[in-house]
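# Examining the three-dimensional arrangement
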Amino acid sequence: MEMTEDLIRNVIQQVLSQMGTGGSSTNGSGPARPSGKDGVYPTADAAVVAAEAAFKHYRKRPLACRREAVRCIREICVGQAEELGRMELDETKIGRLDHKVAKLRDAIPRAPGVEYLRTDNWSGDDGITLTDYAPFGVIGAITPVTHSLPTLAGNAINMLAAGNTVVVNAHPSGAKVAAEGVRRFNRAIRQAIGLDDLITIIETPTLESAAALFDHKGVKLLVVTGGPAVARAALASKRRAVVAGPGNPPVVVDATADLENAAKSIVLGAAFDNNLLCIGEKQVFAVSDVFDRLMEAVGRHGGFRLNAAQIDALTRKAFTLGDDKHYHVNKDLVGNDAAVLARHAGVEAPKGTEIVYGETGADHLFVEHEQMMPFIPFVRVPDVDRAIDLAYASEHGYGHTAILHSRDTSVMSRMGKRMDCTVFVVNGPSIAGLGLGGEGVLSFSIAGPTGEGVTTPLTFCRQRRTAVVGTMRFV
Ligand code: NAD
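From a predicted model like this one, the values you see are computed outputs, not experimental measurements. (Residues numbered from 1 in each chain as written. Predicted model: local features only at pLDDT ≥ 70, side-chain atom pairs only at ≥ 80, totals over all residues. Heavy atoms only, no water.)

Glancing now at the site of the ligand. Around the ligand sit 26 residues in total, of which T143, V145, G245, E370 and I446 are the nearest. Burial of the ligand by the protein amounts to 87% of the accessible area it has alone, namely 840 Å². The residue makeup of the shell around the ligand, split by class, is 13 nonpolar, 12 polar and 1 charged. (Near = heavy atom within 4 Å. Areas by Shrake-Rupley, 256 points an atom, 1.4 Å probe, with all protein chains shown as cover. Nonpolar A, V, L, I, M, F, W, Y, C, P; charged D, E, K, R; others polar.)

Packing of helix α4 (residues 81–92) against helix α7 (residues 175–193) leaves a shortest axis separation of 8 Å and a crossing angle of 155°. One finds that α4 runs roughly antiparallel with respect to α7. Contacts between α4 and α7 involve E83, L84, M87, E88 and E91 from the former and A175, K176, V177, E180 and R184 from the latter. Within the contact of α4 with α7, the residues separate by chemical class into 4 nonpolar, no polar and 6 charged. (Axes fitted to C-alpha atoms, helices over the stretch in contact; angles between N-to-C directions. Helix = DSSP H or I, 4+ residues; strand = E, 2+ residues; numbered from the N terminus. Parallel < 35°, antiparallel > 145°, perpendicular 65-115°, else oblique. Contact = heavy atoms within 4.5 Å.)

This paragraph deals with the side chain of T353. For T353, the position within the fold is in the loop between α13 (338–344) and β14 (355–359). Looking at T353, the relative accessible area reads 17%, which means it is buried. Excluding its chain neighbours within four sequence positions, the residues that come into contact with T353 are G302, F304 and A338. (Buried < 20%, exposed > 50% of the residue type's maximum accessible area, 1.4 Å probe, protein only.)

According to the stated counting rule, one finds 24 salt bridges in the structure shown. One salt bridge connects D38 with R190, and the closest N-O pair in it is separated by 2.7 Å. Separated by 152 residues along the polypeptide, D38 in the loop between α1 (5–21) and β1 (40–41) and R190 in helix α7 bring together distant segments of the chain. With a shortest N-O distance of 2.8 Å, E68 and R71 are connected by a salt bridge. A residue pair is termed a helical-turn pair when its members lie 3 or 4 positions apart in one helix, as E68 and R71 do in helix α3 (residues 63–79) at 3 residues. Look at the salt bridges and you will find they share partners, linking E83, E180, R183, R184 and E203 into a network. (Salt bridge = Lys/Arg side-chain N within 4 Å of Asp/Glu carboxyl O.)

The next subject is the sheet that holds strand β9 (residues 250–253). By definition, the strands of a sheet pair up through backbone hydrogen bonds, in either a parallel or an antiparallel sense. Taken together, the 7 strands give an open sheet; going across it, the order is β11-β14-β15-β10-β9-β16-β17, and neighbouring strands pair in parallel fashion. Both edges of this open sheet fall to β11 (303–305) and β17 (423–426), since each of them pairs with a single strand only. Within this sheet the neighbouring strands show an average axis-to-axis angle of 25°, counted without direction. Here 3 bridges tie β11 to β14, and the two strands are oriented parallel to one another. (Pairing = 2+ DSSP bridges.)

Turning our eyes to something else, we now look at the environment of L222. If you trace the backbone, L222 turns up in strand β7 (residues 221–225). Considered as a pair, L222 and A102 are 120 residues apart in the sequence and their alpha carbons are 27 Å apart. Among residues more than four places away in sequence, those in contact with L222 are G140, L213, F214, S237, R239, R240, A241 and V242.

Our focus in this paragraph is helix α11 (residues 288–300). Every α-helix winds through 3.6 residues per turn, so residues three or four apart in the chain are directed the same way. Here α11 contains 13 residues, and its C-alpha end-to-end distance of 19 Å stays within 8% of the 18 Å for a straight helix at 1.5 Å per residue. All of the buried residues along α11 are V290, F291, L294, M295, A297 and V298. Contacts made by the buried residues of α11 are with β9, α10 (259–271), β10 (283–287), β11, β14 and β15 (375–381). Of the residues one or two after α11, G302 is the one with positive phi, at around 110°. (Expected span 1.5 Å × (residues − 1).)

A few words now on the nonpolar core. Among the nonpolar cores identified, the biggest contains 106 residues, and I73, I199, V253, L294 and F378 are the most heavily contacted of them. The residues contacting V253, other than those within four sequence positions of it, are L259, A262, I266, V284, F285, A286, V287, V290, L294 and H405. Listed in part, the 20 residues of the second largest apolar core include V48, I142, V167 and A210. (Core = buried A, V, L, I, M, F, W, Y, C linked by side-chain atoms within 4.5 Å.)

Moving on, we get to the packing of aromatic side chains. The geometry of an aromatic ring pair is captured by the separation of the ring centres together with the interplanar angle, meaning the angle of the planes. For the structure on display, the rule yields 3 aromatic pairs. Ring geometry for Y357 and F378: centres 5.6 Å apart, planes at 65°, overall edge-to-face. Here the residue Y357 occupies a position in strand β14, and F378 occupies one in strand β15, the gap between them amounting to 21 residues. For the pair formed by Y357 and F378, the shared burial category is buried. Taken together, the ring pairs in this structure connect F319, F366 and F375 into an aromatic cluster. Sitting above the plane of the Y392 ring, R418 keeps its charged end 4.3 Å from the centroid. (Phe/Tyr/Trp six-rings, centres within 6.5 Å; stacked < 30°, edge-to-face > 60°. Lys NZ or Arg CZ within 6 Å of the ring centre and 35° of its normal.)

What follows is the structure in structure tokens.
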């Protein structure tokens, strides 16, 4: 009989699910009694208790079970991307359908799983010492509205691969699609390995349920993906937290840049899901020698240029002056299509417009704020060092992401050092920094403030050392 991949998988599934159903619960590796909830619970406490019970069983299972759990999540994201992507857009009402689908179908398979785990070792005259990467237990995850299900799925792949279970508090405006994803993942995982509640979620999340998760004794590690307020709350929490906070990624274009590639890349990155990505290009500083040619090239690659009066009109709609006397981004415009922004500017953009753009000063509101809209301000600067200075100021010290277009290696070094960002992309679109058109693995949680960087299964592991003295060296 030919051993096809499907046949091998079926055999593995049968064995794993028999381990879960054949009375093996006496050794703790069998299933908890099915909860019937498919991972969706009314309170943080109930969700944590279920995930704790699940961890007791999961920790005793072999790595093959983790691989199966990860496979279930990946297959649902890829196979049901159209339906789930549409569900996410209908609920959140921000971003673009083609990119909501791409985030599940094309991006999620690049989130690393069990294959990323490793064991480090030393062997010598005194024996052997191993460092293993072990799970924490239950992880509490806070996810953003900008990529509700993709963040949940990417986090879950990394965390389950590392042997943890996870409780999710989604953003209230993306909670339904997140809960639906959790139901589907849990049903598939139960069928594959006979375990329930490896991923649980609070059905109606609130700031109170997030706070309850932050403080719950059963949660061993927090992973928070979101804007400034939640990042601050997580950094102030007593619980250890991996914090993936906000950004405001600047782009610098110098006189040596390949302008066609720069224009194409800026449009691609800034248009992605209508600029909802935290790594997406938000403002451009280009040297005056090439400024006009760059602007013209952006127009040929899907940009529609606004004049000064139109930018003023859009700015009045995009920002509101708060009672605190500060300007705030108007949430109604976040993640809107470029054509809608053009209408707010008082003009009709041609079909196929990916972004709207125009020339502004360095102190413009669109430069200073993380606007998350496909309008990109371009600032004309006399030289590249001034461009790097302004880029640094506009990033506000988040240390998140910066992008450079240049063929000059000394400029690459100067900007890389100065920006000190978690992700630095040279000569490509921002998404290349997450392995989409560049090398490397993908995550929707980029932990700048706490230093873990682009998260992987190893981010969610405790290191454990075993020293065997005087033996086990085989050479
Ligand atoms: P948000 O901060 O409004 O919400 C994020 C999550 O935090 C939600 O689940 C929300 O309910 C919760 N939350 C908000 N304030 C809280 C508080 N005080 N206590 C507890 N929970 C709280 O952000 P958003 O609009 O959903 O997402 C966009 C923001 O997230 C942007 O700033 C973006 O840069 C950032 N982001 C960062 C990354 C990254 O990897 N670094 C990834 C995606 C998004």
